[in-house]
Protein chains: 2
Amino acid sequence: MNVAVDATVTTGPIAGSSKFYSPTGVPFRRVHLSTGEHFDLYDTSGPYTDANAVIDLQKGLPPRAGIVRDSGTQLQRARNCEITAEMAFIAEREGVPAELVRSEVARGRAVIPANHNHPESEPMIIGKAFGVKVNANIGNSAVTSSIAEEVDKMVWATRWGADTIMDLSTGKDIHLTREWILRNSPVPVGTVPMYQALEKVGGDPTKMTWESYRDTVIEQCEQGVDYMTVHAGVKLAYIPLTVRRVTGIVSRGGSIMAAWMLAHHRESFLYENFEELCEILARYDVTFSLGDGLRPGSIADANDEAQFAELRTLGELTTIAKSHGVQVMIEGPGHVPMHKIVENVRLEEELCEEAPFYTLGPLATDIAPAYDHITSAIGAAIIAQAGTAMLCYVTPKEHLGLPDRKDVKDGVIAYRIAAHAADLAKGHPRAQQRDDALSLARFEFRWHDQFALSLDPDTAREYHDETLPAEPAKTAHFCSMCGPKFCSMRITQDIRDAMAEKSQEFAEHGNRVYLPLTS
Amino acid sequence: MNVAVDATVTTGPIAGSSKFYSPTGVPFRRVHLSTGEHFDLYDTSGPYTDANAVIDLQKGLPPRAGIVRDSGTQLQRARNCEITAEMAFIAEREGVPAELVRSEVARGRAVIPANHNHPESEPMIIGKAFGVKVNANIGNSAVTSSIAEEVDKMVWATRWGADTIMDLSTGKDIHLTREWILRNSPVPVGTVPMYQALEKVGGDPTKMTWESYRDTVIEQCEQGVDYMTVHAGVKLAYIPLTVRRVTGIVSRGGSIMAAWMLAHHRESFLYENFEELCEILARYDVTFSLGDGLRPGSIADANDEAQFAELRTLGELTTIAKSHGVQVMIEGPGHVPMHKIVENVRLEEELCEEAPFYTLGPLATDIAPAYDHITSAIGAAIIAQAGTAMLCYVTPKEHLGLPDRKDVKDGVIAYRIAAHAADLAKGHPRAQQRDDALSLARFEFRWHDQFALSLDPDTAREYHDETLPAEPAKTAHFCSMCGPKFCSMRITQDIRDAMAEKSQEFAEHGNRVYLPLTS
């Protein structure tokens, strides 16, 4: 990658698990249970959790085995009734028929973000018929952070379950930071090209031009970016709709475009040149993530006229993009009180041909800065249950500062919880199996299995060990919460033993009813 | 309190606020804004956050000014069309008409847990027509913790917003621990008398008797416990319904009663002596919290036959308790996937005369031990939106160990978020005002105001200061997340300035349309 960076990342298996590859090379996190059984989990972490992998960050990850640099887009090929290598991989990964993958992509209800120039990435799908996905934003700002830190955050985020990464760098070395992330990322990488375009003109929105923006997009397509946020739905006419808002325009891309339009008194160059953008993205199979530049930035502004005016325009743009064979997803809010969440999904599906919805939270209240991973996990779970396909995480630092490594993990875990809660509520076939396996381990006091099946085995074990660190406590029939005498699960097991005994007596004494079953 | 304990607690105002008492003595947390305005918030923290209060833990809090040790229960007096001193206090605290308080109590849709013998407590109400409340469980177990720690946790929990406290001690010094908590608690205190009754017989459930249980209840009523969890709905006939469950009986009280019934082959002594219990509780105006001893302990067991059989019995008991003039609330699950949550509220209201529902979470998934404050805040927000009146918090240590001070705060904050999100969704008149005030402070870069209006000003400020500690950054028009050039809120303010300028030009040039408002 030309420039050496002194980067280190976390490697090695997650506690209690090992990397397992199916015969066709699809990765799973295999949990080894003390019963001798194993349990395979969807695994986003790439070779970094493979004990046998040799990681060389300077060289980047090897291209995926047998990858063909395809021509055409997954959408075009799905329409042609082709099941691509990526679709077959995804079908096995999700545990669904390959034909379902193809048909959802063909219909535009799912996208496979897979730039021909990002062969390091393991194929994944974003669509409501599949497991709910989680994106983690990383990237530096002018105030803080280095390339090495961002590569570390990328690996760290995928370790804990990020399905995609967005590199939102706005500080120095934008191109090189992205190069390091792309070459080492086992998951699709998204960007907002506007940020680099703005840096190129010294940070003055009014100086941007379509030509330099377009060249930035091409530069990023060439590098291998898998999906791009484009705020082409923010039109000049919508700016006045934001004037009486409590928090105005809170999308960075949206505010930049608004500033440009107002300065030039012209319609957005993104909107006016959208077809040319489509032609560029189609060449690389880069997926559009149509940005919601006018998303609400507070509870007060949720579901307002500005937001929904832009959503209608995103619907128009979806039709155009798909006519060029480009895959599309639609970005959504932001900040929305619970009772207004479902309406967002319903409208998005109606206006945007059911293109996958990709939402930021939403935060269900604004009163908890420093805890917005929680305020937004509530909204995220509800919006995902209603049909959102991918959730963009929010970290505890949201609104306050740039997330560090700990924040990234906290954000990813909170969002894996929201995504999984939604998978359960949607009846995803594999979701409840994991809950049931963990619950049974809990009931049977298989503490190691309980930790290994959890989202974060390290922290679960650490919390348990704070009060009962000794190894025998890992098989003890209680924990420090209730102590031995008050452990309901132990008592329940005693009850079951007693009932089994009674049941046997019952059989031995001629099957008379042994419990008065009246109320 | 006879025995001196070396206890210390956190005192002093929450950052950016001071204690304010209305002319009638109702407490508020008054936030002082940099605009010169102030904003009053509901305040659960008692005298501990009053800079002028003298705290003496050995003596306990003074009785509330002007309190009359009432006779009768709030329910009986509400039915007699009396607006009690407690109702008037609550009406002002909630910002609603006193008649609403009275009528909701009379109808049994709200309870005011206020034992005549707990004069230190500030009156509060639990009911769906009012703000959603949060309970924090504290208490030692046989394995860990001391009286001093539990008193500290009580004060700490109410500082961050716990509306009631349950002392679930099961270890040594149960009576004395409770005495220390009660005499120092500004909020109602709940207990599960079964735990002490079991300790009295050496921890063997089969040795319990109705007489010793009853004496324990009287002992706790005399001390001033405001509400008691009684698992009188677990009947002998329901035990077989739990046998095929993944996690059996997970309520401690439920499992203890099941063990007793099975050992004696008799119906529950709680169920059989329920009328006598009612007579005792009526004398002190202690509120029933009818326990859900058969609540599900895993996603797999949610909404099953055992759970709903018990709920029907709780409905019968509600009618009996109310016929004795005793206030009643109903406890609810536990572990429930999102799509099965609302059904719980609907059934509870139907079967239990709309008595206030008081739920533990529920956890929306089981796969995240160490993060169950988040898994359950999702379920809690949804169930509260559907009508649950009080949420029992869950801390990060749930299922793993006894919560410490940090866990208590994390649990309370997560649940204040869930409760507030529900208040917003239910249209509670005061809820959105706080969101709007904070959002506006955010938009106007009034960082100190943003912190002061938040649930946890200390942590919000700490996170902000990690990257930008200097005082000038507290008025800077950006933070480290995006840096100055990419701050959407700053750009929006520029846009508004520009539009205001244009608007003036427009007026000066004869009111020609200055923006092409076509799409």
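The name an unreviewed UniProt entry assigns to chain A is Phosphomethylpyrimidine synthase, from the organism Mycobacterium adipatum. Taken from UniProt, the Sequence similarities (unreviewed entry) comment for chain A reads in full: "Belongs to the ThiC family."

Before going further, it helps to examine the overall build of chain A. Helix and strand counts for chain A come out as 18 helices and 13 strands. Dimensions of chain A, computed from C-alpha atoms along their principal axes, come out at roughly 90 × 55 × 50 Å. Taken across its 519 residues, chain A has 68% of its residues classed as buried. By sequence separation, contacts in chain A at least 24 residues apart represent 73% of the contacts at least 6 residues apart.

Next up on the list: the sheet that holds strand E10 (residues 287-290) of chain A. Residue and element names in this part refer to chain A. Spatially, E6-E7-E8-E9-E10-E11-E12-E13 is the arrangement adopted by the eight strands of the closed barrel, whose pairing is parallel. Pairwise comparison of adjacent strand axes, ignoring direction, gives a mean angle of 25 degrees for this sheet. Relative to strand E11 (residues 328-332), E10 runs parallel, the two being bridged by three bridges. Each bridged residue has a counterpart across the sheet, and for Phe288 the counterpart in E11 is Val328. Sheet strands in contact with helix H7 (residues 210-223) are strand E8 (189-191) and strand E9 (227-230), and its direction is about 160 degrees off that of E9.

Turning to the layout of surface pockets, a few remarks are in order. The rolling of a water-molecule-sized probe over the atoms marks out the regions of remaining empty space. The volume enclosed by the largest pocket comes to roughly 780 Å³. Lining the largest pocket we find 34 residues, and of these A:Lys406, A:Asp410, A:Tyr463, B:Lys406 and B:Asp410 sit closest to its centre. Class assignment for the residues of the lining of the largest pocket results in 10 nonpolar, four polar and 20 charged.

Taken residue by residue, the interface counts 119 residues in chain A and 120 residues in chain B. Carbon and sulfur atoms make up 70% of the area that chain A and chain B hide from each other, which totals about 10000 Å². Counting the surface chain A buries against chain B, the share from its top three residues, A:Ile367, A:Met481 and A:Phe486, is 8%. Our enumeration of links across chain A and chain B arrives at two salt bridges. The salt bridge involving B:Lys397 is made with A:Glu466; its shortest N-O contact spans 2.8 Å. Linking chain A with chain B are 24 residue pairs in polar contact (both at pLDDT 80 or more), by the criterion used here. Elements represented by at least two residues in the side of chain A that touches chain B include exactly helix H6 (193-200), helix H8 (252-264), helix H13 (372-385), helix H14 (405-426), helix H15 (431-443), helix H16 (447-453), helix H17 (457-467) and helix H18 (488-508) of chain A. Examining the composition of the side of chain A that touches chain B, we find that 11 residues originate from one element, H14(A), more than from any other.

Now for the side chain of A:Arg178. Residue and element names in this part refer to chain A. Relative to the helices and strands, Arg178 resides in helix H5 (residues 174-184). Judged by its relative accessible area of 1%, Arg178 falls in the buried class. In terms of polar contacts, Arg178 uses its side chain to reach the side chain of Glu219, at 3.5 Å. Other than its neighbours up to four places away in sequence, Arg178 contacts Asp167, Thr191, Gln196, Glu219, Gln220, Gln223 and Val225.

Before going further, it helps to spend a moment on the pattern of salt bridges. All names here are of chain A. Per the counting criterion, the structure on display carries 74 salt bridges over all chains. Arg77 is paired through a salt bridge with Glu82; the nearest N and O atoms lie 2.5 Å apart. Taking the shortest distance from any N to any O, the salt bridge between Glu179 and Arg183 comes out at 3.3 Å. Of this pair, Glu179 and Arg183 both sit in helix H5, four residues apart, roughly one helical turn. By relative accessible area, which is 13% here, Arg183 ends up buried. Via salt bridges that share partners, Glu104, Arg107, Arg109 and Glu354 belong to a single interconnected network.

To continue, consider unusual backbone geometry. A cis amide bond links A:Gly361 with the next residue in sequence, A:Pro362, at an omega value of 10 degrees. Here A:Pro362 shows up in the loop between strand E12 (357-360) and H13. Of note, B:Glu354 is a non-glycine position whose phi angle comes to about 60 degrees, a positive value. Within the secondary structure, B:Glu354 sits in the loop between helix H12 (341-351) and strand E12 (357-360). Positive phi is not limited to glycine here, since B:Phe445 has a value of about 55 degrees. When you line up the elements, B:Phe445 lands in the loop between helix H15 (431-443) and helix H16 (447-453).

Conventions and cut-offs
Residues numbered from 1 in each chain as written. Chains lettered and ligands numbered in written order. Predicted model: local features only at pLDDT ≥ 70, side-chain atom pairs only at ≥ 80, totals over all residues. Heavy atoms only, no water. UniProt positions renumbered as here; feature names shortened; annotations may be inferred. Helix = DSSP H or I, 4+ residues; strand = E, 2+ residues; numbered from the N terminus. Buried < 20%, exposed > 50% of the residue type's maximum accessible area, 1.4 Å probe, protein only. Contact = heavy atoms within 4.5 Å. Pairing = 2+ DSSP bridges. Axes fitted to C-alpha atoms, helices over the stretch in contact; angles between N-to-C directions. 1 Å grid on protein atoms, 1.4 Å probe; cavity = no way out; pocket = protein on both sides within 12 Å on 5 of 7 lines; lining within 4 Å. Points joined across faces, edges and corners; volume = space filled by probe spheres on them. Nonpolar A, V, L, I, M, F, W, Y, C, P; charged D, E, K, R; others polar. Buried area = accessible area lost by both parts, 1.4 Å probe. Salt bridge = Lys/Arg side-chain N within 4 Å of Asp/Glu carboxyl O. Polar contact = N/O pair within 3.5 Å; in protein donor to acceptor, adjacent residues only side chain to side chain.

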